[in-house]
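Each chain, letter by letter, is given below.
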Amino acid sequence: MSLKKTISEPEIFNISDHQIKKNQLDKEAISIISRLIDAGYEAYIVGGFIRDSLIGVKSKDCDVATNATPEEIKEVIPKTRIIGKRFKIVHARVGKKLIEISTFRSSGKKNIKKSNKGILLRDNNYGSIEDDAFRRDFTINSLYMDTKKMEIIDFVGGFRDLQSGMLKSIGESSKRFIEDPVRMIRAIRFKSKLGFKLDNKLEKGIHRYRHLLSEVPSGRKYEELLKMFLTGNAFSIMTELQNYRITEYLLPMTKNFLEGKKDRRFILNALKDSDKRFHQNKTLTPAFLFAVMLWPALISKIGDMNSKKIKIPRISRIGNLLLKKHNEYCFIPKRVQSSIKEIWEIQVMLLRIPEKANTTLKHKRFRAAFDFLLLREKSGENLGGAGDWWTKKISH
Ligand code: ATP
Ligand code: MG
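No experiment lies behind these values; they were computed from the predicted model shown.

A. Spatial organisation of the packing of helix 16 (residues 286-302) against helix 20 (residues 366-378). Closest axis-to-axis distance for the helix 16/helix 20 pair is 11 Å, and the angle between their directions is 40°. As the angle between them shows, helix 16 and helix 20 are arranged oblique. Relative to helix 20, the crossing made by helix 16 is right-handed. Packed against helix 16, whose contacting residues are F288, A291, V292 and W295, the element helix 20 presents A368, D371, F372, L375 and R376 at the interface.

See the structure below:
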């Protein structure tokens, strides 16, 4: 541990400073915390929930940090699951809600595995709350709420950064991005979601190290893309990804098409719709998102998708090739891949009206495919009035 860390005293903010009332906290997280404390451990609410509560944004989940190890957490709260290898955490599912319980980490040397490029491959080195505060990504994400005393504990100046709308790395941005390049896309996500400014060094770090994003495992990229595009800020995040020239590392098969007017309109319209749906609490599916993102690439291989001669097996074959290539960069789970292909295939069926209409209508992916068709029309494609035809058909 460095000297700086051993002598750092946290700042404590009480209820008159933070104004968060106990009934605003997540009930399930509080119950988990109480059980851990009763069993003799320390436990706090940390991360996004505290950050979002302080600025009055709705939080999608709640994270708990404790000095209990994953195995000890499981002993206290048996209905949980230990997940992850790179970074072991415990998942507690309460109804639809997910509470992530993580053990305090330290940035010590043992139990840490790095790649030859310095990327952290495994970090299961446990420590104190103070160690944990310094290993987190940004200062505003490192605020701990003691739910008994209703006090916020801040080792890194996050409370003030939050008040001034500033996103700052904990420690040196460049070092933190080398350790984990995903932090760069998290920074962009928070910039869009919170409307914050990126501190200068953080900004420079992204320009310098964005190429390291190509080292991120393809499965993790998929998870990050879902967080970026299915949580209500997709349009602004896409604009930022373009500004920071990051799209090519996450969506290489979409990137070039974003420069063309027609495809750009199609993709951005989809993202705007998905933000709207999120705020209306409507469902959003990964399949629809990726069907959109890869549609221009599919069309460029297939040619005229609306020709009477087009055969569904051909779409399926070319779709498979496209998805296979995409998976090298960003791995889409098998079941999502099937739904993507179905959405594409039904585009052909939706134009075979009225003769095949009743079969098409019964398809389990009809609704998504129909929405997709409307999106195509809205973005300027002439589909001979198919959208209107189907709208009338389903309203009967
Ligand atoms: P949101 O839930 O809105 O996506 P969040 O900040 O809670 O935002 P999570 O992915 O839930 O994000 O992570 C919880 C906390 O874990 C973060 O607030 C941060 O303190 C820490 N964290 C997450 N990812 C990283 C990372 N790559 N490097 C360091 N710390 C991280
Ligand atoms: Mg969170």
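B. The side chain of D52, seen in detail. Note on placement: D52 falls in helix 4 (residues 48-54). A relative accessible area of 1% places D52 in the buried class. When neighbours within four sequence positions are excluded, D52 is seen to be in contact with V57, K58, S59, K193 and L194.

C. The arrangement of the site of ligand 1 in detail. In the vicinity of ligand 1, 18 residues are found, and the nearest of them are R51, N141, D180, R183 and R189. Between N141 and ligand 1, the recorded distance is 2.9 Å, taken from a backbone N or O atom to an oxygen atom. Between R186 and ligand 1, the recorded distance is 3.0 Å, taken from a side-chain N or O atom to an oxygen atom. Breaking the shell around ligand 1 down by element, the ones donating at least two residues are helix 4, helix 9 (182-194) and helix 11 (218-229). Broken down by element, the residue count for the shell around ligand 1 peaks at five residues, all from helix 9. Here the shell around ligand 1 is composed, by residue class, of one nonpolar, three polar and 14 charged.

D. Highlighting the sheet that holds strand 3 (residues 62-66). Ordered by their spatial adjacency, eight strands build an open sheet running 1-10-9-2-3-6-5-4, and the pairing between neighbours is mixed. At either end of the open sheet lies a strand with only one pairing partner, and these are strand 1 (11-13) and strand 4 (81-83). Along the sheet, successive strands turn relative to each other by an average axial angle of 35°, direction set aside. Direction of pairing for strand 2 (residues 43-46) relative to strand 9 (residues 143-146): antiparallel, over a ladder of two bridges.

E. Structural detail: the packing of helix 16 against helix 17 (residues 312-329). The N-to-C vectors of helix 16 and helix 17 enclose an angle of 120°; their axes lie 10 Å apart at closest approach. As judged from the angle between their axes, helix 16 and helix 17 are oblique. When the axes of helix 16 and helix 17 are compared, the crossing they make is right-handed. Between helix 16, through F290, L294, A297, L298, K301 and I302, and helix 17, the contact on the second element is made entirely by R314, I315, I318, G319, L322, L323 and H326. Here the contact of helix 16 with helix 17 is composed, by residue class, of nine nonpolar, two polar and two charged.

F. How the structure looks around helix 16. Helix length check: helix 16 (17 residues) gives 23 Å between terminal C-alpha atoms against 24 Å at 1.5 Å per residue, within 8%. Of all the bends in helix 16, the greatest reaches close to 45° and is centred on W295; the proline P296 follows between one and four positions later. G303 sits one or two positions beyond helix 16 and adopts a positive phi of about 90°.

G. Representation of the coordination of the magnesium ion (ligand 2). All of the protein donors around the magnesium ion (ligand 2) are D61 (OD) and D63 (OD); their distances to the metal are 2.4 to 2.5 Å. Classification of D61 as partly exposed rests on a relative accessible area of 22%.

H. The packing of aromatic side chains, seen in detail. For the structure shown, the criterion picks out eleven aromatic pairs. Taking 3.8 Å as the distance between ring centres and 15° as the angle between the ring planes, the aromatic pair formed by F13 and F159 counts as stacked. Highlighted residues: F13 in strand 1 and F159 in helix 7 (residues 158-163), separated in sequence by 146 residues. Across this residue pair, the class does not change: F13 and F159 are buried. A network of ring pairs unites the aromatic residues F266, F288, W295 and F372 as a single cluster. R105 extends its terminal NZ or CZ atom over the ring of F87, reaching a point 3.9 Å from the ring centre.

I. Region of the structure containing the domain arrangement of the protein chain. Split into domains, the protein chain comes out as domain 1 (3-174) and domain 2 (221-236 + 247-395). Spacing between the C-alpha centres of domain 1 and domain 2 amounts to 37 Å.

J. Spotlight on the nonpolar core. Core analysis: the largest hydrophobic core is formed by 97 residues, its most contacted members being I101, I206, F229, F290 and W344. Among the elements that line this core, the one with the most residues is helix 16, at twelve residues. Inspection of this core shows a minimum of three residues originating in each of domain 1 (3-174) and domain 2 (221-236 + 247-395). Here F229 is in contact with A234, I237, M238, L241, L251, L271, S274, L289 and M293, once residues within four sequence places are set aside. Membership of the second largest hydrophobic core comes to twelve residues, among which are Y44, A133, Y144 and I170.

What counts as what
- Residues numbered from 1 in each chain as written.
- Chains lettered and ligands numbered in written order.
- Predicted model: local features only at pLDDT ≥ 70, side-chain atom pairs only at ≥ 80, totals over all residues.
- Heavy atoms only, no water.
- Axes fitted to C-alpha atoms, helices over the stretch in contact; angles between N-to-C directions.
- Helix = DSSP H or I, 4+ residues; strand = E, 2+ residues; numbered from the N terminus.
- Parallel < 35°, antiparallel > 145°, perpendicular 65-115°, else oblique.
- Left-handed = near helix turned anticlockwise from the far one by under 90°.
- Contact = heavy atoms within 4.5 Å.
- Buried < 20%, exposed > 50% of the residue type's maximum accessible area, 1.4 Å probe, protein only.
- Near = heavy atom within 4 Å.
- Polar contact = N/O pair within 3.5 Å; in protein donor to acceptor, adjacent residues only side chain to side chain.
- Nonpolar A, V, L, I, M, F, W, Y, C, P; charged D, E, K, R; others polar.
- Pairing = 2+ DSSP bridges.
- Expected span 1.5 Å × (residues − 1).
- Bend = angle between axes of the 7 residues up to and from the residue.
- Donors = N, O, S within 2.8 Å, 3.2 Å for Na, K, Ca; no water.
- Phe/Tyr/Trp six-rings, centres within 6.5 Å; stacked < 30°, edge-to-face > 60°.
- Lys NZ or Arg CZ within 6 Å of the ring centre and 35° of its normal.
- Domains from an automatic or database assignment.
- Core = buried A, V, L, I, M, F, W, Y, C linked by side-chain atoms within 4.5 Å.

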